[in-house]
Amino acid sequence: MQNFINQLSTVLEQKYILTKDEDKAPYLTDWRKRFIGKALAVLLPCNSAEVSNIVKLCAEHQIAIVPQGGHTGFCGGATPDNSGTQIILNLKRMNQIREIDIANQTITVEAGCILQTLQEKAVEQGFLFPLSLGAEGSCMIGGNLATNAGGTNVLRYGNARDLCLGLEVVTAKGEVWNGIKGLRKDNTGYDLRDLFVGSEGTLGIITAAVMKLYPLPISQWTTLVACQSIASSIALLNLFQKRATSLLTGFEMMTQESLDLNEKHFPHMANPLQGNPPFTILIELSDHESEEHVRQLLETILEEAFESHLISNAVIASNLGQANAFWHMREHITLAQAEEGANLKHDITIPLSSLDSFIKETDALMRDKYPGVRIINFGHLGDGNLHYNIAPPLGLDPKIFNESNEKPIHELVYAQVERCHGSISAEHGVGQLKLDDLRAHKGEVAHELMKTLKRALDPQNILNPHKVVSI
Ligand SMILES: Cc1cc2nc3c(=O)[nH]c(=O)nc-3n(C[C@H](O)[C@H](O)[C@H](O)COP(=O)(O)OP(=O)(O)OC[C@H]3O[C@@H](n4cnc5c(N)ncnc54)[C@H](O)[C@@H]3O)c2cc1C
């Protein structure tokens, strides 16, 4: 090990090799503080050549590498194990915008570019980069691609995978694969880009990417509406899809219980809909036509929804500040949960046609087996993506409750997900948190294929071992 540490200074400036405990500490835990690891060193390269040399050295010494971006991931993928033998490769110094190609409507960025910076650079050129999520001030595009992040605009623009046209990746051997191409069509055999997107640092290290840009919408209207049931919320979604088609850019659901928790920790974020209805839906329409056109369309659809008894109340944001406040209310649920203490998270997707039965049955089973639990259910309803989180009954210590109930609660939820032909990870990935769950729920053939890929691309198992899939 000492030999390896000594040789590191031949591939990276000494000041970017962190080995002291106090220097490594900020990189050793995840955002939820669920996983705390140890590392031999934290390395901060500034270009793909340095990444390549580091990986070659690690391969020679069989040292495992944990790639890391903003470490905002929810599944512990960017946190090392407890052995103290792995290195963390944090890409934050690789944060350059390499190119904005106006004609091609693409932006080429390095992996350590913070998502919000990328969005701002796009706006400066009159474009929209639509990937948007609560952690955008800290997460990085490499991490977004490695987790195939979703967020609030998937309904209209797709997830990180859909926004990516090309990648530069350092392989487990330390070779640099230059797939930096801004092509919307490329059928030259296997899609290597798609292999690395969503692989959570287990197949290669993403060092740069070509991402799609879109024309910046000039008008945006945001509304909060009250629904009495999940069935009417889905009927409302279908109505908006039919009438607003591609103008529909956001459709988020928040239950009464999740907004109560929000208000408890952030009293200024009270639900403007009186009486905090069972389901509050945040809807956003965006367009390149006049404000008036979109506003009229929104009002017409809401009128139809009232007449069909799909909604019982609605408030349209009168200005950008109010629209932002609606979105903050939605985004603060994650923060309110963190304030409240540890809970059991389930980031799941269910086909929209089964969502009503999933929620009714799972809620009933949960309340029957665990009386008093709080079901903090909210999410990107337009994508069928629920954050179906379980907090302990009031007054119970979350640590004690979770320790004894975590496994059976996950099993209950995931059995319901399977019954409904859903997925146990919609957008947060697998990391170390869901390693066993993936093995149990991916299906044997699919799981074996994943292992085959991992063995082929990383035969020494040095890239983020025991994350996603164990070989
Ligand atoms: C408040 C909050 C809200 C969130 N909301 C959402 C949401 O709406 N939708 C959503 O999808 N997620 C959400 N997340 C989760 C998280 O922000 C995303 O998973 C994000 O994409 C992670 O990016 P990161 O840079 O922090 O990656 P990290 O956490 O650093 O890493 C995540 C994984 O990717 C790997 N990795 C990182 N960089 C690279 C690289 N360059 N090459 C290869 N592998 C790499 C790591 O090894 C790890 O396995 C939220 C998180 C927070 C804290």
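Residues numbered from 1 in each chain as written. Predicted model: local features only at pLDDT ≥ 70, side-chain atom pairs only at ≥ 80, totals over all residues. Heavy atoms only, no water.

*Asks:* Could you clarify how one ought to interpret the pattern of salt bridges in this entry?
*Replies:* Two side chains with opposite charge may pair up if their charged atoms get near one another. Going through the model one piece at a time under the given rule, you end up with 20 salt bridges. Glu 340 is paired through a salt bridge with Arg 374; the nearest N and O atoms lie 2.6 Å apart. Of the two residues, Glu 340 sits in helix α12 (residues 320-340) while Arg 374 sits in strand β17 (residues 374-380), which places them 34 residues apart along the sequence. A relative accessible area of 15% means that Arg 374 is categorised as buried. (Salt bridge = Lys/Arg side-chain N within 4 Å of Asp/Glu carboxyl O. Helix = DSSP H or I, 4+ residues; strand = E, 2+ residues; numbered from the N terminus. Buried < 20%, exposed > 50% of the residue type's maximum accessible area, 1.4 Å probe, protein only.)

*Asks:* How should the layout of surface pockets be read in this particular structure?
*Replies:* In this structure, the second largest pocket occupies an estimated 730 Å³ of space. Residue lining of the second largest pocket: 34 residues in total, with Gly 198, Val 430, Leu 438, Lys 442 and Met 450 positioned closest to the centre. Taken together, the elements giving at least two residues each to the lining of the second largest pocket come down to α8 (192-196), α14 (398-419), α15 (435-441) and α16 (444-457). The residue makeup of the lining of the second largest pocket, split by class, is 13 nonpolar, 13 polar and eight charged. When residues of the lining of the second largest pocket are sorted by domain, at least three fall in each of domain 1 (97-215) and domain 3 (347-419). (1 Å grid on protein atoms, 1.4 Å probe; cavity = no way out; pocket = protein on both sides within 12 Å on 5 of 7 lines; lining within 4 Å. Points joined across faces, edges and corners; volume = space filled by probe spheres on them. Nonpolar A, V, L, I, M, F, W, Y, C, P; charged D, E, K, R; others polar. Domains from an automatic or database assignment.)

*Asks:* Quick question: what am I supposed to make of the domain arrangement of the protein here?
*Replies:* Interface size is commonly expressed as the accessible area that is lost once the parts come together. For the protein, the assigned domains are domain 1 (97-215), domain 2 (219-340) and domain 3 (347-419). Each of domain 1 and domain 2 was reduced to a C-alpha centroid, and the two centroids are 29 Å apart. The interface is formed by seven residues belonging to domain 1 together with ten residues belonging to domain 2. Summed over both partners, the interface of domain 1 with domain 2 comes to about 720 Å²; 60% of that surface belongs to carbon and sulfur atoms. Taken as a group, Thr 152, Leu 155 and Arg 156 account for 68% of the area that domain 1 buries against domain 2, more than any other trio of residues on that side. Counting every contact that joins domain 1 to domain 2 gives zero salt bridges. Linking domain 1 to domain 2 there are two residue pairs in polar contact (both at pLDDT 80 or more). Of the residues forming the side of domain 1 that touches domain 2, the biggest block, three residues, is contributed by helix α6 (residues 154-157). (Contact = heavy atoms within 4.5 Å. Buried area = accessible area lost by both parts, 1.4 Å probe. Polar contact = N/O pair within 3.5 Å; in protein donor to acceptor, adjacent residues only side chain to side chain.)

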